[in-house]
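Below are the chains, spelled out letter by letter.
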Amino acid sequence: MNILDIIHEQFEKAGIRHLVVGGCAVYAYGVDRNTDDVDILIEDQAAQTAVMALSRYGYREREQGHLVSRMIPNEPVLPIVDLMYVNTPTMEAMWQESRIVPLGAYAHHLPSPQHLINMKLHALRHGGEGRRNKDALDILELSRLHSIDMRSPDFEKACLHFGSPELYRFLMKLAGPT
């Protein structure tokens with residue numbers, strides 16, 4: 001059983017609504033890339049329940065912040081799991097537009113490609129320089145594969161809201177001429 005199956009079973013039992021995000025979601029949407037961890041988005045009110053559910057499978061919380069908990073496995077064959085927290089209105093909006101995709105033994109909810117791009121923009125705005133190229137390439141590929149017009153006013157608005165003017169200019173440079 002893979003970690004996504006474990007998460008699905010444990011979170012379903014506990015009534016935790018969750019979205020598979022990050023590299024696993026990017027890969028599920030057709031971008032050929034590797035990831036070293038599993039990122040799961042849940043409502044902030046379910047944080048403690050989710051940590052307890054994963055601890056039953058040998059995970060321990062190594063780092064906890066306001067928006068994320070890093071769960072480390074006791075088994076070296078299992079990946080790190082990052083639990084990311086959002087408020088209920090944000091989760092509801094993302095859930096309503098989510099897509100259901102088979103991953104492992106179960107079908108999982110993924111954020112829409114645009115919501116995933118918005119999360120990548122947020123990560124670029126607040127993350128370190130080491131994320132820049134990988135996340136920017138994810139945005140370019142998700143946009144290309146899912147017919148999201150990076151030159152549209154809506155894309156620029158999302159960049160300015162979740163990212164920054166500098167990030168928008170950087171992405172437009174990477175995207176090249178129209």
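Everything numeric here is computed off the predicted structure, so don't read it as measured data.

**Student:** Outline the environment of D32, supporting the account with residue identities and numerical values.
**Tutor:** In this structure, D32 sits in the loop between helix 2 (22–28) and strand 2 (37–43). For D32, a relative accessible area of 73% corresponds to the exposed category. D32 sits 109 residues away from E141 along the chain, and the two C-alpha atoms are 9.2 Å apart.

**Student:** How would you sum up the pairing of strand 1 (residues 18–21)? Please name residues and give values.
**Tutor:** Alternating positions in strand 1 separate into two faces, H18 and V20 on one and L19 and V21 on the other, with burial throughout. Strand direction decides the pairing type here: strand 1 and strand 2, joined by four bridges, are antiparallel. Considered in strand 2, the bridge of H18 is made with I42.

**Student:** Summarise the sheet that holds strand 5 (residues 80–86); cite the residues concerned and give the values.
**Tutor:** The sheet built from five strands is open, its strands ordered 1-2-5-4-3 with mixed pairing. The open sheet is flanked by strand 1 and strand 3 (59–64), the only strands paired with a single partner. Averaged over all neighbouring strand pairs, the angle between strand axes comes to 30°, with direction disregarded. Relative to strand 5, strand 2 runs parallel, the two sharing seven bridges. What sits directly across from I40, in strand 5, is L83. Relative to strand 5, helix 3 (residues 47–55) is tilted by about 165°, and along the sheet it contacts strand 2, strand 3, strand 4 (68–73) and strand 5.

**Student:** So, the packing of helix 7 (residues 153–162) against helix 8 (residues 165–175): which residues are in play, and what are the values?
**Tutor:** In a packed pair of helices, the relevant descriptors are the angle between the two axes and the axis-to-axis distance. The interhelical angle for the contact between helix 7 and helix 8, taken along N-to-C directions, is 135°, at an axis separation of 7 Å. One way to sum up the angle between helix 7 and helix 8 is to call them oblique. Crossing hand, helix 7 versus helix 8: right-handed. Residue-level contacts link F155, E156, C159 and L160 of helix 7 to P165, Y168, L171 and M172 of helix 8. Residues belonging to the contact of helix 7 with helix 8 are distributed by class as follows: seven nonpolar, no polar and one charged.

**Student:** Just give me the short version of the pattern of salt bridges, but keep the residues and values in it.
**Tutor:** As enumerated under the stated definition, the model contains nine salt bridges in all. Between R17 and E92 there is a salt bridge, with the nearest N and O atoms lying 2.8 Å from each other. Highlighted residues: R17 in the loop between helix 1 (3–14) and strand 1 and E92 in helix 4 (residues 88–96), separated in sequence by 75 residues. Taking the relative accessible area as the measure of exposure, R17 reaches 22% and is therefore partly exposed. Its salt-bridge partner being K120, residue D135 comes within 2.9 Å of it at the nearest N-O pair. Of this pair, D135 sits in helix 6 (residues 132–145) while K120 sits in helix 5 (residues 113–126), and the two are 15 residues apart along the sequence. A relative accessible area of 5% places K120 in the buried class.

Each value, and the rule that gives it
Residues numbered from 1 in each chain as written. Predicted model: local features only at pLDDT ≥ 70, side-chain atom pairs only at ≥ 80, totals over all residues. Heavy atoms only, no water. Helix = DSSP H or I, 4+ residues; strand = E, 2+ residues; numbered from the N terminus. Buried < 20%, exposed > 50% of the residue type's maximum accessible area, 1.4 Å probe, protein only. Pairing = 2+ DSSP bridges. Axes fitted to C-alpha atoms, helices over the stretch in contact; angles between N-to-C directions. Contact = heavy atoms within 4.5 Å. Parallel < 35°, antiparallel > 145°, perpendicular 65-115°, else oblique. Left-handed = near helix turned anticlockwise from the far one by under 90°. Nonpolar A, V, L, I, M, F, W, Y, C, P; charged D, E, K, R; others polar. Salt bridge = Lys/Arg side-chain N within 4 Å of Asp/Glu carboxyl O.

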